[in-house]
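# Structural features, examined
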Amino acid sequence: MKKILALMLAGCMALSMVACGGGSTEKEPTEEPKTEDSKEEVKPEDAAKDDADKVEAEVPAGGKIGVCIYKFDDNFMTTYRNALQTLLEEKGYEVTVVDGNNDQAKQTEQINTFITQGVDALIINPVMPSAMATTVAAVQSADIPTVIINREPTAADMAPFNRCVYVGCDAAQSGTFQGQLILETENKGDINGDGKVSYIMIQGDPENIDAKLRTEYSVKALEDAGVATEQLNLTRGDWDQNKGQEICANDLSQFGDKVEVVFCNNDAMALGALEAIKAAGREVGKDIYLVGVDALDAALDAVQAGTMTGTVLNDAQSQAEKAVSCMEELMNGKTYAEGEQSVYVDYVKVTSDNVKDFIK
Ligand code: GAL
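The present account deals with the structure reproduced in this document. Predicted, not measured: the structure shown is a model, and the values here were computed from it.

### Considerations on the site of the ligand
In the vicinity of the ligand, the contacting residues are Tyr-70, Asp-74, Phe-76, Asn-150, Arg-151, Asn-208, Asp-210, Arg-214, Trp-239, Asn-266, Asp-294 and Asn-314. Between an oxygen atom of the ligand and a side-chain N or O atom of Asn-150, the distance comes to 2.6 Å. One nitrogen or oxygen atom from the side chain of Asn-208 is found 3.0 Å from an oxygen atom belonging to the ligand. Protein coverage of the free-state accessible area of the ligand, which is 310 Å², stands at 99%. In this structure the site holding the ligand corresponds to the largest cavity. Tallied by class, residues from the shell around the ligand come to three nonpolar, four polar and five charged.

### With respect to the pattern of salt bridges
In this structure the tally under the stated criterion is 16 salt bridges. Residues Glu-283 and Lys-286 are paired through a salt bridge, measuring 3.9 Å at the closest nitrogen-oxygen approach. Of the charged contacts in the structure, one is a salt bridge between Lys-334 and Glu-329, with a shortest N-O distance of 3.5 Å. Classification of Lys-334 as partly exposed rests on a relative accessible area of 35%. The exposure class of Glu-329 is partly exposed, given its relative accessible area of 35%. Three or more residues are tied together by salt bridges with common partners; here these are Asp-205, Arg-236, Asp-238 and Lys-243.

### A word on the packing of aromatic side chains
Per the counting criterion, the structure on display carries two aromatic pairs. Ring centres of Phe-76 and Tyr-80 lie 6.0 Å apart, and the angle between their planes is 65°; on these two criteria the pair is classed as edge-to-face. You can see Phe-76 and its partner Tyr-80 sitting in helix H4 (residues 75–90), four residues apart, about one turn around the helix. Assigned by exposure class, Phe-76 and Tyr-80 land together as buried.

About the thresholds
Residues numbered from 1 in each chain as written. Predicted model: local features only at pLDDT ≥ 70, side-chain atom pairs only at ≥ 80, totals over all residues. Heavy atoms only, no water. Near = heavy atom within 4 Å. Polar contact = N/O pair within 3.5 Å; in protein donor to acceptor, adjacent residues only side chain to side chain. Areas by Shrake-Rupley, 256 points an atom, 1.4 Å probe, with all protein chains shown as cover. 1 Å grid on protein atoms, 1.4 Å probe; cavity = no way out; pocket = protein on both sides within 12 Å on 5 of 7 lines; lining within 4 Å. Sits in = over half its atoms within 2 Å of the grid points. Nonpolar A, V, L, I, M, F, W, Y, C, P; charged D, E, K, R; others polar. Salt bridge = Lys/Arg side-chain N within 4 Å of Asp/Glu carboxyl O. Buried < 20%, exposed > 50% of the residue type's maximum accessible area, 1.4 Å probe, protein only. Phe/Tyr/Trp six-rings, centres within 6.5 Å; stacked < 30°, edge-to-face > 60°. Helix = DSSP H or I, 4+ residues; strand = E, 2+ residues; numbered from the N terminus.

Here's what the structure looks like:
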């Protein structure tokens, strides 16, 4: 019986590896899905007998969870997915995390594979939030509790399925905090004293509401405080450090000393921009200001060293904890009313004054 089960599992694993792109999963094939039923049949002392027994003995109690990440090659989402995986595994869930490679078609296929495998819940970091209406319809027809993370869909996209919730942050808040970081400098960002703050904006992927709202609200915070602004350039950097460096280098060579503030929608791009700032012979805190979002370790070090004006903590650990607790509530039968399907964790402003509190 156990051997038959093991063989069936091996078949499922082979299928899932093909469908999920194989090497993109964090799990080795030997760690792939095992059934819950099998766990009840096996006593620990039997586990050493043969390989099939070993597989069965490792089955955790909590159920099978599929986690879809938009792409593994993203600094912030790496911290987030590691926190998520650790939490889920500590709680005894059998977790499979897959890499969407920033390809919506691939992620859709991965979600469909998880549905076919009969996972107990899904956690999805969408490649394209605009594809979420289709995803929600798919998980609804299979009635799988689903937590969407990091890239917020519209309320209308989630509304049809009351066992679906978004866990993330209020992107407008992070933009407002970035603006406040500039307002808190000695000249409120107007380094050359010409009565306006001239800035460049290095934007994340504009499909993502975080990019849109951080761009909008960082500048709005200045204007709401009565500070005039001038946008010298806005360029899409897709959350990427190399692109951040390239864009900032181009802007500094084009606009020179006119650039007083470099707003980056995230820290990875800000760290790239910092390299360009140094290469151009400029000095953060003296003749230019630089802000990001996420509070990556390297950005915290830069804030402490004074080479970044500030950043905003995007709290991966708290978001992972909230995502898991919402998932468990959904699994236990909780439903979310239309219009109440977004749950937010607060951002925190990080400056040289409080940066020590965030360095691990
Ligand atoms: C943002 C984060 C970015 C990037 C993006 C991916 O919240 O600040 O660094 O990870 O999510 O969607």
